[in-house]
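Structural characterization, general
Residue strings, one per chain:
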Amino acid sequence: MKKISIRVLAVAIFTMALASLGQAQATRTWVSGVGDDVNPCSRTAPCKTYAGAISKTAKDGEISTLDPGGFGAVTITKSITINGGGGGQGYGSILASLTNGVIINITDPADVRKSVRLDGLNINGASTGLDGIRWLAGSELFVENTLIDGFTGDGIDVAFSAVNNTFFSMRNTSIRNCGGAGIKMAANSTGTTTFAFDTLDITRCATGIDAQNGSRGNVHNSKIALNTTGIALSEAGSGTVVNVDGTTVSSNSGTALSVAGGSRGRIARCTISQNGTSLAPAASWDSGGNNTIMGNTTNTAPGGTVFPQN
């Protein structure tokens, strides 16, 4: 009888533990500048930091921000949305002095989507932070309505250690004052990073966009200015192809648009002015014949294929 009682008690404790764990994993959690990480991260009892809330948020769930505050650096290991202030809420600030602001490293095979959405964040490196966002593993990353400022490394570093085929989307985002690139994409080996960038403002970085090995996508309606190099394309094991349209590339002290190796760039409806060199090498840039290239120290016209205007 004693053995049976002990077994029944053990099963009851295990069941209660599972129930407690299930309650802890909410689909939506909340943070507040006056919250506390010991709270359940509900709307009425919010957490203090994104790191505190993420452990209580279910896979594919969302962390919402109730009011302005500093919510700390965070490591993301599952599909999740962090909403820092959309729809009239607060504004999610991440102060990342001497560290990375956001690390994304999703490797769980059971996480089918491996997708992260960051919206309405202010990621501040305070001139000593490493990278604003460091993406190590996953399938999809969406960054919207975000400011990244003051990092010694890259604003966003896509740095996969294994072969990944990923999708990266950015919209309405500013990146400035980075010691490295505003955005650096470097797929591993024969992997690819397919990207779509719209309405970006990248200034005061070593390179605005550094599209390396296997980067393939489009930069639309953006401003790349006051960097050393505007946009740089390069390859190792996998070719890089980038389309740039409706974009201003100006006042970069070196080359506005640069290609290395067999990578390829295409430009349409762009303004390229007041840079050191407009295009290098010119033969690696195809054109719609509808760009404004003037006022650079060295004005080089596109020397690749001229494709039809629409």
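Residues numbered from 1 in each chain as written. Predicted model: local features only at pLDDT ≥ 70, side-chain atom pairs only at ≥ 80, totals over all residues. Heavy atoms only, no water.

Here we come to the state of the cysteines. Using the criterion set out here, one finds one disulfide in the structure. A disulfide bridge connects C41 with C47, and the sulfur atoms are separated by 1.7 Å. Judged by the torsion about the S-S bond (-70°), the C41/C47 disulfide is left-handed. Given a relative accessible area of 1%, C41 falls into the buried group. Residue classification places C47 among the buried residues on the basis of a relative accessible area of 0%. Between C178, a free cysteine, and C205, which holds the nearest cysteine sulfur, the sulfur-to-sulfur gap is 3.8 Å. (Disulfide = S-S within 2.5 Å. Buried < 20%, exposed > 50% of the residue type's maximum accessible area, 1.4 Å probe, protein only.)

Okay, the packing of aromatic side chains next. Under the criterion given, the structure shown has six aromatic pairs. Between W135 and F160, the aromatic rings sit 5.1 Å apart at their centres with planes inclined by 70°, giving edge-to-face as the arrangement. On the criterion of sequence distance, the pair formed by W135 in strand β10 (residues 133-137) and F160 in the loop between β12 (156-159) and β13 (165-186) is long-range, its members being 25 residues apart. Each member of the pair W135 and F160 is classed as buried. Stacked on the ring of W30, the Lys or Arg R43 has its end atom at 4.6 Å from the ring centre. (Phe/Tyr/Trp six-rings, centres within 6.5 Å; stacked < 30°, edge-to-face > 60°. Helix = DSSP H or I, 4+ residues; strand = E, 2+ residues; numbered from the N terminus. Lys NZ or Arg CZ within 6 Å of the ring centre and 35° of its normal.)

With that out of the way, let us pick up unusual backbone geometry. A cis amide bond, omega -15°, links A280 with the succeeding residue P281. Among the secondary structure elements, P281 is positioned in the loop between β23 (277-280) and β24 (285-287). Unusually for a residue other than glycine, A126 sits at a positive phi of about 55°. The phi dihedral of R204 falls on the positive side, at around 60°, and the residue is not glycine. Along the polypeptide, R204 turns up in strand β14 (residues 192-211). A relative accessible area of 52% means that R204 is categorised as exposed.

The next point concerns the pairing of β14. Pairing of β13 with β14 involves 16 bridges; the strand directions are parallel. From the neighbouring strand, M185 faces β14, where its bridge partner is A211. As defined by bridge partners, β14 adjoins strand β15 (residues 215-220) across six bridges and the pair is classed as parallel. Along β15, the bridge assignment pairs T194 with R216. Judged from the three bridges that link them, β14 and strand β16 (residues 223-225) form a sheet pairing that is parallel. If you follow D201 over to β16, its bridge partner there is K223. Pairing of β14 with strand β17 (residues 229-233), which is carried by four bridges, proceeds in the parallel orientation. The partner of I209 across the bridge, within β17, is I231. (Pairing = 2+ DSSP bridges.)

Turning to the side chain of S79, a few remarks are in order. Following the sequence through the fold, S79 ends up in the loop between β4 (74-76) and β5 (80-83). Only 2.7 Å separates the side chain of S79 from the side chain of D111, close enough to count as a polar contact. A polar side-chain atom of S79 sits 2.8 Å from the main-chain amide nitrogen of S115. Setting aside its immediate chain neighbours within four residues, S79 contacts A58, K59, D60, G61, I106, D111, R113, K114 and S115. (Polar contact = N/O pair within 3.5 Å; in protein donor to acceptor, adjacent residues only side chain to side chain. Contact = heavy atoms within 4.5 Å.)

Looking now at the nonpolar core. I76, I133, F168, I183 and F197 are the most contacted members of the largest nonpolar core, which totals 58 residues. Per-element accounting of this core gives the leading share, seven residues, to β14. Other than its neighbours up to four places away in sequence, I183 contacts I156, F168, M170, I175, F197, L200, I202, G208, I209 and D210. (Core = buried A, V, L, I, M, F, W, Y, C linked by side-chain atoms within 4.5 Å.)

Here we take up the environment of A256. As for its position among the elements, A256 is in strand β20 (residues 255-259). Counting along the chain gives 18 residues from A256 to Q274, while the straight-line C-alpha distance between them is 9.0 Å. Not counting residues within four places of it along the chain, the set of residues in contact with A256 comprises G230, I231, V249, I272, N275, T277 and S278.

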